[in-house]
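Each chain, letter by letter, is given below.
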Amino acid sequence: MTFDELLTIPPYSLDHTQKAEMLTERLGDLTRLHKDKCEEYARILEGLSFDCADIDSYLDIPFLPVRLFKERSLKSVSDDEIVKTMTSSGTTGQSVSRIYLDRRTASYQQKTMVKIVSDFTGSSRMPMIILDCPSVVKNRAMFSARGAGILGFSLFGSKKIYALDDDMKLDVEGIKAFLEQYSDQKILLFGFTFMIWQHFYKEMKKLKNEGITFDLSNAVLIHGGGWKKLASEAVSSEQFKASLHDVCGLSEIHDYYGMVEQTGCIYMECECGHLHTSIFSDVITRRPYDFSVCDVGEKGIVQVVSTIPESYPGHSLLTEDEGIVLGEDDCPCGRKGKYFKIIGRLKNAEIRGCSDTYADKFK
Amino acid sequence: MTNIEKYNNAFMESFEISAEDLPGLKYQDIDTWDSVGHMTLIAALEEAFDIMMDTDDIIDLSSYEKGQEILSKEEYGVEF
């Protein structure tokens, strides 16, 4: 199956058997493609004595540790075909992943994201408030994961405004005018978890005490980028939602999980509070001692597979996150596919995530 | 201003280029038409023709010529 064919299928419509068959075919094709086009990848497979003919299931395909994209420059296209290099978010002094995109893979990423997000927000574009500062997308040469996230989601915005200035101060007047202008429309809010908490929620709470309030009851918030910092301040997902609802009436809130190494395949949180895999990707939890596949409900290291990457060998990766697969095809929200939760980072893992790397400055 | 003039202006102002650069121009051909520049172009086109484009069309608008084809579609009704 080609990726363009995959794009015609609704993103949460395949059950376990249909999805496994599709993933085995597409990820098998990608494994063979990268073996042919990427010398380093071919050598890794050789080192593992892995034969592509042995792929009975996509679960058999080797996974590369995400760290490898920091240490090695891995690509399956020639340099003149590369149109964009994406970098992971990293704290100061940390090395960053480099992900090489050609036109085709970059376009697949955008199309996939539109399919996934539209399933939650509807396909029409909305006036959008970006809960970040404008300078994040200005440095084009070094495109960070944070800038890429904002830009990716900007597709869903019709008119846009940044809620923060470059000193991360809330633009109260600007937001007020924007909300007045679009008072009859649903508003899209997008940002990273810690920035929202630190610079939006805390500021609004203060303003509320001064008698200044915003009504965001007709808005939807999408946020991502890691919970580590908020977890350390003992702010849970439930509390995050309840607090935002309390200060501005916001009730529709979706967290998402994703990483720059597999941009496009994000995992959106549904109305029941579960992160969902779409048909474009899957999450497999593995036991740390032998990397066998965990049972439903058992904590393990998260492996992610994506049907998108053709320009770099990142279709099967082992993350440094721990998670639990909660079930498959039977979430009360009605979406098919696995649903899961992320517990946190493995011990001694580097700090990652657009939210957490930024939060590292607030120690 | 004619529609083609409005269309060309959106490109020239968004990417800081001149009219002779337009024919055959494709996404990512020049530094200014990157993913940031692309959203600037979309905003300029929407403003110029008072339309709101679908997300799929925003992604598909991959060249100067393709953009004319998309805007000529019934839902936007721009005639060149």
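Here the structure is a predicted model, which means the values were calculated and not measured.

Colleague: Looking at this model, I keep getting lost on the overall build of chain B. Mind explaining?
Modeller: Check the secondary structure of chain B and you find four helices and zero strands. When its helices and strands are written in sequence order, chain B yields α-α-α-α. Over its C-alpha atoms chain B spans a radius of gyration of 11 Å, differing by no more than 12% from the 12 Å that the globule rule assigns to 80 residues. Along the first, second and third principal axes, the C-alpha atoms of chain B reach 30 × 25 × 20 Å. With 80 residues in all, chain B has 22% of them scored as buried. Of the contacts made within chain B by residues no fewer than 6 positions apart, 48% connect residues no fewer than 24 positions apart.

Colleague: Explanation requested: the sheet that holds strand β8 (residues 219–224) of chain A in the structure shown.
Modeller: Whenever strands of a sheet pair, they do so through backbone hydrogen bonds, lying parallel or antiparallel. Residue and element names in this part refer to chain A. As summarised here, the arrangement of the six strands in space is β6-β4-β7-β8-β9-β10, forming an open sheet in which the pairing is mixed. On the outer flanks of this sheet lie β6 (157–162) and β10 (267–268), each paired with one strand and no other. Here strand β7 (residues 187–192) pairs with β8 via six bridges, running parallel. Note that in β8 the partner of F190 across the bridge is I222. Where helix α6 (residues 145–154) meets the sheet, it contacts β4 (126–130), β6, β7 and β8, and its direction lies at approximately 170 degrees from that of β7.

Colleague: Got a minute to help me understand the pairing of β8(A) in this structure?
Modeller: A regular strand carries its side chains on alternate faces of the sheet. Residue and element names in this part refer to chain A. Most of β8 is tucked away: six of the six residues are buried. This β-α-β element, β7 to helix α8 (residues 193–209) to β8, shows right-handed connectivity. As defined by bridge partners, β8 adjoins strand β9 (residues 252–257) across five bridges and the pair is classed as parallel. In the sheet register, G224 faces β9, and the bridge partner there is Y256.

Colleague: Where do I start with the confidence of the model for chain B in this structure?
Modeller: Averaged over all residues, the pLDDT of chain B equals 94, while 100% of them reach at least 70. No element of chain B has a lower mean pLDDT than helix α3 (residues 55–60) of chain B, at 90, and none a higher one than helix α4 (residues 64–71) of chain B, at 97.

Colleague: When you look at the interface of chain B and chain A in this model, what are you seeing that I'm missing?
Modeller: Much of the literature gives interface size as the accessible area that the parts lose upon coming together. Listed by partner, the interface residues are ten residues for chain B and 15 residues for chain A. Counting residues per element, the ones that place at least two in the side of chain B that touches chain A are α2 (35–49) and α3 of chain B. By residue number, the principal contributor to the side of chain B that touches chain A is α3(B), which donates four residues. Class assignment for the residues of the side of chain B that touches chain A results in five nonpolar, three polar and two charged.

Colleague: What's the story with the nonpolar core in this structure? I'm lost.
Modeller: Among soluble globular proteins, nonpolar side chains are generally buried collectively. Residues and elements named next belong to chain A. Formed by 106 residues in total, the largest nonpolar core has its most connected members in I129, I130, L131, A163, L189 and F190. Ranked by the residues each element gives to this core, the list is headed by α8, at seven residues. The residues touching L189, leaving out its near neighbours within four places in the chain, are I129, L131, A219, V220 and L221.

Colleague: Would you explain unusual backbone geometry in this entry?
Modeller: Residues and elements named next belong to chain A. Phi at S49 is positive, roughly 50 degrees, even though this residue is not glycine. Within the element layout of this structure, S49 appears in the loop between α3 (39–47) and β1 (64–65). Residue class for S49 comes out exposed when judged on the 7 C-beta atoms lying within 10 Å of it. At D329, a residue that is not glycine, the phi angle is positive and equals roughly 65 degrees. Along the chain, the position of D329 falls in the loop between β14 (316–328) and β15 (338–345).

The rules we used
- Within each chain, residues carry numbers counting from 1 in the order of the written sequence.
- The lettering of chains begins at A and the numbering of ligands begins at 1, in the order of writing.
- Where totals are concerned, whole chains, interfaces and linings use all residues; where local detail is concerned, this predicted model gives features only for residues with pLDDT of at least 70, and gives and counts side-chain atom pairs only at 80 or more.
- Each helix corresponds to a stretch of at least 4 residues labelled H or I by DSSP, and each strand to a stretch of at least 2 residues labelled E; elements are numbered beginning at the N terminus.
- The globule rule is 2.2 Å times the number of residues to the power 0.38, and the radius of gyration it is compared with is taken over C-alpha atoms.
- Using C-beta atoms placed from the backbone, we call a residue buried if 20 or more other C-beta atoms fall within 10 Å of its own, exposed if 12 or fewer do, and partly exposed for counts in between.
- The contact criterion used is a C-beta to C-beta distance within 7 Å, with each C-beta placed from the backbone.
- Strand pairing is assigned whenever DSSP identifies at least 2 bridges connecting the two strands.
- Angles here are taken between N-to-C directions and fall from 0 to 180 degrees, while the axes themselves are lines fitted to C-alpha atoms, restricted in helices to the stretch in contact.
- We call a crossover right-handed when, viewed with both strands directed away from the observer, the connection leading from the first strand over the helix to the second proceeds clockwise.
- Known as pLDDT, the predictor's confidence for each residue is given on a scale from 0 to 100.
- Note on residue classes: Ala, Val, Leu, Ile, Met, Phe, Trp, Tyr, Cys and Pro are nonpolar, Asp, Glu, Lys and Arg are charged, and everything else, Gly too, is polar.
- Note on terminology: a nonpolar core is a set of buried residues of type Ala, Val, Leu, Ile, Met, Phe, Trp, Tyr or Cys, with members joined through C-beta atoms within 7 Å.

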